[in-house]
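Read off the chains here:
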Amino acid sequence: LGRESVHIGLETVIKPFVVIDAERGPVWIGRNVTVFPHSYIQGPAFIGDGSLLHPGSVVHSGTHIGPESKVGGEIDNTVFQGYSNKQHNGFLGHSYVCSWVNIGADCTNSDLKNTYGTVRVPINGCKIESEEVFVGMFMGDHCKSGINVSFPTGAVVGFCSNVITSPCPKFVPSFSWLEGS
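Rules and cut-offs
Residues numbered from 1 in each chain as written. Predicted model: local features only at pLDDT ≥ 70, side-chain atom pairs only at ≥ 80, totals over all residues. Heavy atoms only, no water. Helix = DSSP H or I, 4+ residues; strand = E, 2+ residues; numbered from the N terminus. Buried < 20%, exposed > 50% of the residue type's maximum accessible area, 1.4 Å probe, protein only. Contact = heavy atoms within 4.5 Å. Areas by Shrake-Rupley, 256 points an atom, 1.4 Å probe, with all protein chains shown as cover. Lys, Arg positive; Asp, Glu negative; His and termini not counted. Charge placed at Lys NZ, Arg CZ, Asp CG, Glu CD. Core = buried A, V, L, I, M, F, W, Y, C linked by side-chain atoms within 4.5 Å. Phe/Tyr/Trp six-rings, centres within 6.5 Å; stacked < 30°, edge-to-face > 60°. Pairing = 2+ DSSP bridges. Polar contact = N/O pair within 3.5 Å; in protein donor to acceptor, adjacent residues only side chain to side chain.

1. Comments concerning the overall build of the protein chain
Helix and strand content of the protein chain: 0 helices and 26 strands. Referenced to the eigenvectors of the C-alpha coordinate spread, the extents of the protein chain come out at roughly 45 × 30 × 20 Å. Within the protein chain, the fraction of its 181 residues that count as buried is 45%. Considering only intrachain contacts with a sequence separation of at least 6, the fraction spanning at least 24 residues in the protein chain is 16%. For the protein chain, the accessible area works out to roughly 9100 Å², and carbon and sulfur atoms hold 56% of it. Positive and negative side-chain charges of the protein chain, numbering 11 and 15 respectively, have mean locations separated by a distance of 4 Å.

2. Topic: the nonpolar core
By size, the foremost hydrophobic cluster in this structure holds 31 residues, and its most contacted members are I41, I103, M139, F151 and V157. Of all the secondary-structure elements, those providing two or more residues to this core are β4 (27-29) and β7 (45-47). Apart from the residues within four sequence positions on either side, F151 is in contact with C107, T108, N109, S110, M137, M139, S145, V157, V163 and C168.

3. So, the packing of aromatic side chains
If you walk through the whole model with that rule in mind, you get 2 aromatic pairs. Aromatic pair Y83 and W100: ring centres 4.8 Å apart, planes at 10 degrees, arrangement stacked. Taken together, the residues Y83 in the loop between β13 (79-80) and β14 (85-86) and W100 in the loop between β16 (96-97) and β17 (108-109) connect sequence positions 17 residues apart. Between F159 and F175, the aromatic rings sit 5.4 Å apart at their centres with planes inclined by 75 degrees, giving edge-to-face as the arrangement. Residue F159 is located in the loop between β23 (156-157) and β24 (162-163), and its partner F175 is located in the loop between β25 (171-172) and β26 (177-178); the two are separated by 16 residues in the primary sequence. Since its relative accessible area comes to 34%, F159 is described here as partly exposed. By relative accessible area, which is 62% here, F175 ends up exposed.

4. Here we look at the environment of G140
Among the secondary structure elements, G140 is positioned in the loop between β20 (138-139) and β21 (144-145). Distance in space between the C-alpha atoms of G140 and N77 is 18 Å, their sequence separation being 63 residues. In contact with G140, other than residues within four places in its own chain, are C98, V101, V157, G158 and F159.

5. What about the pairing of strand β19 (residues 126-129)?
In this sheet, β19 lies alongside strand β18 (residues 120-123) in antiparallel orientation, the contact comprising 4 bridges. Looking at the pairing, V121 lines up with I128 of β19. In sequence, β18 turns back onto β19 through a hairpin of 2 residues, with N124 there showing a positive phi of about 50 degrees.

6. Some words on the sheet that holds strand β5 (residues 34-35)
Reading across the sheet, the 5 strands line up as β2-β5-β8-β11-β14 and stay open at both edges, with parallel pairing between neighbours. Since the sheet does not close on itself, it has two edges, and those belong to β2 (13-14) and β14, each with one partner. As paired strands, strand β11 (residues 70-71) and β14 are joined by 2 bridges and run parallel to one another. Opposite K70, over in β14, you have N85 as the bridge partner.

7. So, the environment of T78
Turning to its location among the elements, T78 is positioned in the loop between β12 (74-76) and β13. C-alpha separation for the pair T78 and F138, spaced 60 residues apart in sequence, amounts to 10.0 Å. In contact with T78, other than residues within four places in its own chain, are G62, T63, H64, L92, G93, H94 and S95. A polar side-chain atom of T78 sits 3.3 Å from the main-chain amide nitrogen of H94.

Okay, structure coming up:
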């Protein structure tokens, strides 16, 4: 949809039954990308060179997927840096995921409080008012999460951390290893 606003790079493979919807903004798909069947991409969106979208992926508007990344499930309005993986089902919304991150199967983040109020984000030990209603999670470089981890609204996971316990706390310091309850 909106074919004039769709760019598909060289050597990119778009399998059957993929919907690319550029009616509300451009869709840029880089070189050597593979998009498997039954995926949906809504613009504005960017998918970097060498990335892979698993079958049934849903990429909503406002999403940036960096190079050499593998994604699946539902991603909404999220910056997903390069060389990172979220290959399985689960929701990732209004978030920022740095490079070399691996998000386990069926992980989900909340990007909206039950009260529909604005979200406070923990920064340097203080909860800072974002003045935004939709805020997902922030995950630093080289982080990993286990299977079925739930991330709260406005969560911050520091650099080189592993989160295996669920639900994840609102703040995880850098170089942490969280497991068990």
